[in-house]
Every structure is written in C-alpha cells, then in structure tokens.
Amino acid sequence: MRYLMKKTLTLNLSVRWIALTAAVLFLPIAGAAETEPTQGWSDLARKSRDAGFSILPILAISKALETDTLSATEKNRLVRLATRLSAHSGTGIAAIALSQKITNEDQIAEWQWFSGLADLEKGDAKAAAEHFRMVRKTSRNFSRARYQLALMAYNEKRNAEAEARFKEILEAKPAPDNDLQDLIRLALGRIWYEQKKFQSAAAAYRTVSRSGPQFKTALFEQSWALFMAGFPNHALGAIHGIESPFFKDSFNPEATLLRSIILYWMCSYSESDRALQEFIARHADPIDRLDNFLARQQLTPDAAWELFENMIAGVSGESLGIPRPVLLTAAASDRMIPLRTALAQATQEIQKIEQGKFSMGSDAKDQAAKALLREHLTQLRTSTGKKFVIALEEMRSQYEQLRAQADFLYVELLTSEKDKLLGKEHLASNKFSAKQANGKRPAGWGKSQLAWAPNTKQEYWWDEVGFYIDPAKAACVK
C-alpha cells in the first residue's frame, strides 16, 4: 500500500473592506487626457511609485503600453521601472499580465520568468519551459526558473533529471532564497521517498526550516518516511507534533490514519482501532458537510469568493456551513498563496487612495487610479474563487481515498484481533524489531538534537515539535 499524499502562509488579510461592485470605467487621467492619455498613465506610474505603491504603477504601465503614441524611449523607461517593481511582494499577478504586452527583444529578456508563469496559467507547460530556459543567470528569478524546470521534470517522472536540477540549485552561489531552499528540500524528500530511499527522504524533510511555511508539510511527510524506514516511534513523534495545538487550524485526516497504520504494524491492535475510530469521529462530519455544501451550492467563482471572503472575515464554521479548519487548509494551499499575497497588497493600495493618503491632484485622476485597482481586484477575486473551489474539491477527493484505506484497515484489524484470540499472530513478527533493538537513529536525527521524553500532562512546547519520540512498544509475537 502506498499512502503518501503530497501537500505542499496563512496571511492575515483584511479583505472584507470594500464592496467590489461593477467595475468602474477607466476615466481620463488628466484634463488633457483625451489628447495626451499616454502621459497621464506614465505620470500615474511614476507618482504612485514615489508614494510607495507597487501594484498600481505596474497597472498604469500596462495601460501606457497599450497606446500607439508611446515613444520607444518612454517605453524602455517604463518597462525598466516595472522590472524593479516586479520584485515587490504582491505584484506577481499584475506582472504576469504586463509580460504579455512587452515586445521589445531586449526588454523581453528580463520578463521571461513572468511569461513562463503566464503560460503555466494557460496550461501550456511546453511554452512555459521555453521561457524558463531563457531566463538569464543575472536575473533575480533565475533560480526560481530552474526550480520550475526541475519541477516539470519531476511531474513528468524524469526523477534523475529533477534530482540533479534540484541539487544544482541548492549548491549554487549565491545560495537561493530561504523559501526556495525549503521547496527544493521538500521536493528531494519526495523523490527519495518514491525511490524507497526512506532514510534519505526523512533527512531531507528534517532540513526544512521550522520558521518557513513548508515546515508543517515537511513534518507530516517525514512521518511517512520514518515509518517506512523502520522507525515507528520517531514517526509517531512527528505525528504527535502535527496534531498539536500549534496546527489546530489545519485539517489533516491523513495524520490520524497514519497513526492507526503504524500502531497496526506494531501489533497494537486496540490502539490502532482507537486511532481509526478517532479518524472517523474527527474527520467524517467535516467532510460530509463539505460534500453536502459543494453538492448544494454548485460553487461558481463568485460564490466561492464570497465563501473565502467570509472565512477571512472570521465568520463561524456553523454560519458558513463548512468547518473553518477545512476552509483554512484549502485557503493555505500552494495555489492560493500568490493570489492571497496580491489581494493583500492591492487592498492596501486602494485603501491608501480612499483614505486620502495619496492623490494625483484631481478627482478624475484619483478615480482613474482607483478604477485600475478595482479592475485588478475583480480579476483577483474571480481567480481566487476558481482556485478555492479546486482546493476544496481536492480535499474532498483525498478524504475519499483515505476513507477507502480506513475501511480496508478496519477489516485487517478485525482479522488480526480474531487471530490473536485464537493464539495466532496475524503479523508474523515485528518488522521494526531489529532497528529498535540496535537503538539506531534515523538519518537526519543528529546526536545534538533533543529527543523529548514522553509525559502524561498533554503539554506541548514549540521546541518539542519535530523532536518527540513516542514511547509505544511493539506487541508482535515472533
């Protein structure tokens, strides 16, 4: 049986701010905008940049590039400005749209990364790969482009190529950003797990930074690797961490099921059965409610956005019809992060204008600035709704697979307990006994690392998470 399920920041957004009504038509930027529209958009780009905006200037540059009267010199200046702005958090979605309007060969070179992302959004992986290959070594996105190429190789089952590419990025000088390093370590852990190099996989997972957004995923996936490597107590310890109050907003039914599976293989059938019953008791109702909600609502992007917005605003799970941990887990999935970052930044910028903290000098110009941001927010809202639905559907599908595994395990437990009553051991021997007897440490568990002793106080400490060793003892009879 193979149980690994790949799961890859919860931003504290305040997006219930503004009624996103019908998109406002673009207004003239200046009194003379009818004759000089290009200058108006250029002025908005520069003045908003000087005022600390990052998305609004890119949106204004995108509008300026649509005009036929823009000189080559001005176009170059604006694109260079956009290139600098695209490094700011939250600008990614706007930069992807802008990349489709850049035609100059010299300028395109700096935007290959965003062009590749645009192709990925369209589902054209082949075209995306071509763009990623053309990202220059001097580009700040070079390592990320190489990561995408490695990820494509992995998704296409070219694991040897993917592994080599991932290692090359990690060994590069200067080192890639910390978040990218964590993503690569997570990917290497998955590759080695699939190759049955379980100790190497566990070691890779344990190098993921505990201060980064991938720590929770790495902590859980290492529990599978530790279990398969023959270290059930360390695996149960990792599950102990992932089920701690530190991750109370996370919906992870697989962790409870894995606990039951590990205890089953340790011949602790009653404990395994209790974990299996806990799996159903804790997770069946939330998924049933999600299933009923999706069937009843037939979620459109707009309806999904409203659900997402209400969740962010703190509306209770009872009022929403779906438990909040389910919604929060879907909202924290990888596909949602760029959108949430963009929503936060765009919301901040439009509030800055509405609160009078930035003005172009006339009401018409300010309205034009707000119109650009509102249009951008409308597009973000639609995209967020679409991807939120996908994330929720994936959670439902994953649970269905887990429930099928739980049903199979239940039958196995019944057989095992019956055999034990008859004086036979369903599992002939404890498959972990040799390593346990030798007191062997799993790879990645250094001598200087803490190994927390068990306690009955139900206390959890952050520095304990990831270092706990469960005291459960195997009950298999040789």
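Residues numbered from 1 in each chain as written. Predicted model: local features only at pLDDT ≥ 70, side-chain atom pairs only at ≥ 80, totals over all residues. Heavy atoms only, no water.

### Description of helix 14 (residues 253-265)
- Under the 1.5 Å per step criterion, the end-to-end length of helix 14 is 19 Å for 13 residues, consistent within 8% with the ideal 18 Å.
- Across the 13 residues of helix 14, 12 count as buried, placing the element largely inside the fold. (Helix = DSSP H or I, 4+ residues; strand = E, 2+ residues; numbered from the N terminus. Expected span 1.5 Å × (residues − 1). Buried < 20%, exposed > 50% of the residue type's maximum accessible area, 1.4 Å probe, protein only.)

### With respect to the state of the cysteines
- Scanning the entire structure with this criterion turns up 1 disulfide.
- Covalent S-S linkage joins Cys-267 and Cys-476, the inter-sulfur distance amounting to 1.8 Å. The chirality of the disulfide connecting Cys-267 with Cys-476 is right-handed, given an S-S dihedral of about 90 degrees. Note that Cys-267 is positioned in the loop between helix 14 and helix 15 (269-297) and Cys-476 in the segment after helix 21 (433-438), a separation of 209 residues in sequence.
- The class for Cys-267 is buried, based on a relative accessible area of 1%.
- Judged by its relative accessible area of 17%, Cys-476 is buried. (Disulfide = S-S within 2.5 Å.)

### Some points on the side chain of Asn-159
- Tracing the chain through its elements places Asn-159 in helix 9 (residues 159-170).
- Those residues within four positions of Asn-159 in sequence are excluded, and the remaining contacts are Tyr-154, Ile-191, Glu-194 and Gln-195. (Contact = heavy atoms within 4.5 Å.)

### Points about a nonpolar patch on the surface
- Together, Tyr-410, Val-411 and Leu-414 make up a nonpolar patch on the protein surface, roughly 270 Å² of accessible area in all.
- Mapped onto the elements of the fold, Leu-414 is located in helix 20 (residues 363-421). (Patch = residues over 30% accessible without salt bridge, like charges linked within 9 Å, V, L, I, M, F, W, Y side chains within 5 Å. Areas by Shrake-Rupley, 256 points an atom, 1.4 Å probe, with all protein chains shown as cover. Salt bridge = Lys/Arg side-chain N within 4 Å of Asp/Glu carboxyl O.)

### Focus on the side chain of Thr-83
- When you line up the elements, Thr-83 lands in helix 3 (residues 72-85).
- The buried category is assigned to Thr-83, whose relative accessible area is 15%.
- Sequence-distant contacts of Thr-83, that is, excluding residues within four places in its chain, are made with Glu-110, Trp-111 and Arg-140.

### Concerning the confidence of the model for the protein
- For the protein, the average pLDDT comes to 86, and 85% of its residues sit at 70 or higher.
- Below a pLDDT of 50 lies the segment residues 1-36, which in the model reaches 78 contacts outside its immediate sequence neighbourhood of four places, other chains included. (pLDDT = per-residue confidence, 0-100.)

### Focus: the pattern of salt bridges
- Per the stated rule, a full pass over the model turns up 27 salt bridges.
- The partner of Lys-167 in a salt bridge is Glu-163, with the nearest N and O atoms 2.9 Å apart. Linking Lys-167 with Glu-163, this pair stays in helix 9, spanning 4 residues, or about one helical turn.
- Taking relative accessible area as the criterion, Lys-167 reaches 32% and is therefore assigned partly exposed.
- One salt bridge connects Arg-289 with Asp-285, and the closest N-O pair in it is separated by 3.8 Å. Here the residue Arg-289 and the residue Asp-285 both occupy positions in helix 15, the gap between them amounting to 4 residues, near one helical turn.
- According to the relative accessible area criterion, Arg-289 is partly exposed, its value standing at 27%.
- On the basis of relative accessible area, Asp-285 is assigned to the partly exposed category, the value being 43%.

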